[in-house]
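Observations on the three-dimensional arrangement
What follows is each chain in one-letter form.
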Amino acid sequence: MLVADDVRRAVTRIAHEIVERDRDLSLLAIVGIRARGDALAARIQAAIRANEGVDVPLGAIDITLYRDDLTRIGYAPVVRESEIPFSVDGRVVVLVDDVLFTGRTIRAAMDALVDYGRPRAIRLAVLVDRGHRELPIRADFVGKNVPTAASDDVRVHLTEVDGRDEVEVVTKVPA
Amino acid sequence: MNWTRRHVLDTDDWSRDEIDTVLDQTRAMTEILQRPIRRAPPLRGRTVILFFAEASTRTRVSFELAAKALSADVTNITASGSSVEKGESLYDTVRTLQALGGDVVVMRHASSGAPYFVAERTDAAVINAGDGWHAHPTQGLLDAYTLRDALGDLDGKRVVIVGDVLHSRVARSDINTLIPLGARVTLSGPPTLIPTAWRGGQLPPGVTYESDLDKALEGAHAVIALRLQRERQESGLLPSLREYSRVWGLTADRVARMRPAAPVMHPGPMNEGVEIDAAVAHGSQSLIEKQVTNGVAVRMALLYLLAGAPTPSGVPAPAVRLEATA
């Protein structure tokens, strides 16, 4: 669906769009959602540094404790450490995730983020928007809109985590 | 790994994987305690009952803060002023706990094994917060976390535990947690306060006994001093507190025998001037306050893992129970 070059171009374009939207870079911060959004966030931050020569604060957030299905899934998913090494008060925080699907992860991430303070604004950047929202959430910056069936599996591979850059859509064959 | 344990009663049968899971989750919980708003929502709607039938302030408060940091509702049952003091049996107390519908029962009891009795008779997950001389698993885990945090990997590290090992549930739980992580433990203390079999050389793997504290500390990576219960002297196991302090007390000179900057720990509350000098307890190598902070994070990790573990029926406990109380 997306090959390495597409991923690279998408990241570069998102980095440009973020700067064009909020020109005051001193207020900006990038926060990636673990486990792949944080890798993308670091790439976007590096692209902004390359383009603008500014080091935007970078953070990573784990949303496990904020999931709305914890009482249903029957096990305790692994909680990873969040790292927000700056004050979010008054900042424009761009949340970054790999795939936007139901919107529930983003809801959890916003709840987690406001436990750190009161951002001036929260924006959302995703590599892939695959549709099928269950909450009133939309992305401000999208790498690629990918029409999918709800039962499809969208798999994002990133070099930092998986050793290669690629996005594939796996369609479930009815049994 | 997937967490499958329903209760935390003792760590004596825990795998290294399980211990590592708790310690890794503890690291994530530590971060929550450093936020401006020290609270996350995973236990919303869950009830944690703190049942302390034996005096305790720090452990109870630590569990209470941990449960609240995860947004659980917390209820206290203490021995004094409760029906326990009025002669209610443990069995009746358990029935009451069951009827109250708590999701997790954290309990401390003077009788070894009491948490097992409760765990067998309630739907709630049970955490042992200290039972008799038997076990204090959360203390063992928080000591392991604090040491791992300070020393990095515990593999091959040698930890001295000095004091009243015989009556110490902390010593037993420390051993049960540190040994699987690859550490070695040297016990030291008066022979009268070391279990007879251990004194006679039948020690658990990885554990040794060295009656001479100075020798035990030589080149060690860390030391844990145990609290000396004053009633031990009255029962004739010790000649005097001064004698104990002279031979087994942690002084700056003794601490200097360990490796440079080796951590000094104590489960608290301390008898300063008896098992540990004030200068050592509050010195640069002391991690005693760190232990207290880490204790909250370890307990958060356990509450989180237990609340998510499947119930005996295979489905997670409902957030709200609507059981008729008899």
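The present account deals with the structure reproduced in this document.

About the criteria used
- Note that residues are indexed from 1 along each chain, following the sequence as it is written.
- Key to labels: chains lettered from A, ligands numbered from 1, both in the order written.
- In view of the model being predicted, local features appear only for residues whose pLDDT reaches at least 70, and side-chain atom pairs are presented and counted only at 80 or more, with totals across whole chains, interfaces and linings using the full set of residues.
- In this text, helices come from DSSP runs of H or I with a minimum length of four residues, and strands from runs of E with a minimum of two, each type numbered from the N-terminal end.
- To get the radius of gyration, use the C-alpha atoms; to get the globule rule, take the number of residues to the power 0.38 and multiply by 2.2 Å.
- Put plainly, a residue is buried at 20 or more neighbouring C-beta atoms within 10 Å of its own, exposed at 12 or fewer, and partly exposed in between, counting only other residues' C-beta atoms, which are placed from the backbone.
- What counts as a contact here is a pair of residues whose C-beta atoms, placed from the backbone, lie within 7 Å.
- The rule for pairing is simple: two strands pair if DSSP sees at least two bridges between them.
- We call a crossover right-handed when, viewed with both strands directed away from the observer, the connection leading from the first strand over the helix to the second proceeds clockwise.
- Polarity classes work like this: nonpolar for Ala, Val, Leu, Ile, Met, Phe, Trp, Tyr, Cys and Pro, charged for Asp, Glu, Lys and Arg, and polar for all others, with Gly in that last group.
- Among buried residues, those of type Ala, Val, Leu, Ile, Met, Phe, Trp, Tyr and Cys that are joined through C-beta atoms within 7 Å form a set called a nonpolar core.
- The split of the chain into domains comes from an automatic or database domain assignment.

1. Digging into the overall build of chain A
A tally of regular secondary structure across chain A gives five helices and seven strands. Beginning at the N terminus, the succession of helices and strands in chain A can be written as α-β-α-β-α-β-α-β-β-β-α-β. Against the globule reference of 16 Å for 175 residues, chain A gives a C-alpha radius of gyration of 16 Å, in line with a compact fold. Seen along its three principal axes, the alpha-carbon backbone of chain A occupies a region of about 55 × 40 × 30 Å. Residues classed as buried in chain A amount to 42% of the 175 residues present. Once local pairs closer than 6 in sequence are excluded, the contacts in chain A between residues at least 24 apart make up 68%.

2. Focus on the pairing of strand β1 (residues 28-33) of chain A
Residues and elements named next belong to chain A. Counting buried residues in β1 gives six out of six residues, a clear majority hidden from the surface. Bridge analysis of β1 against strand β3 (residues 92-100) gives five bridges, and the strand direction is parallel. Each residue of the ladder has a partner; that of A29, found in β3, is V93. One ladder, built from four bridges, connects β1 with strand β2 (residues 58-61); its direction is parallel. Bridge pairing in β2 places V31 opposite G59. Between the parallel elements β1 and β2, the chain passes through helix α2 (residues 37-52) in a crossover that is right-handed.

3. A word on the interface of chain B and chain A
If you look at the interface, chain B gives 20 residues, while chain A gives 16 residues. Contributing elements (two or more residues each) for the side of chain B that touches chain A: α1 (16-32) and α13 (288-308) of chain B. A total of four residues in the side of chain B that touches chain A trace back to one element, the largest contributor, which is α1(B). When its residues are assigned to classes, the side of chain B that touches chain A shows 14 nonpolar, three polar and three charged.

4. Section: the nonpolar core
Grouped together as the largest cluster of nonpolar side chains are 141 residues, with contacts concentrated most on A:V31, A:I44, B:V223 and B:L303. Counting residues per element, this core draws most heavily on α13(B), at twelve residues. Shared between two domains, this core takes at least three residues from each, and those domains are domain 1 (16-135 + 295-308) and domain 2 (137-291) of chain B. Those residues in contact with B:L303 that lie beyond four places of it in its chain are B:L43, B:V48, B:A66, B:A67, B:L70, B:A72 and B:V104.

5. A word on the environment of B:L147
All names here are of chain B. Relative to the helices and strands, L147 resides in helix α5 (residues 137-151). For L147, a count of 26 C-beta atoms within 10 Å translates into the label buried. When the C-alpha atoms of L147 and Q291 are compared, they prove to be 9.3 Å apart, with 144 residues separating the residues in sequence.

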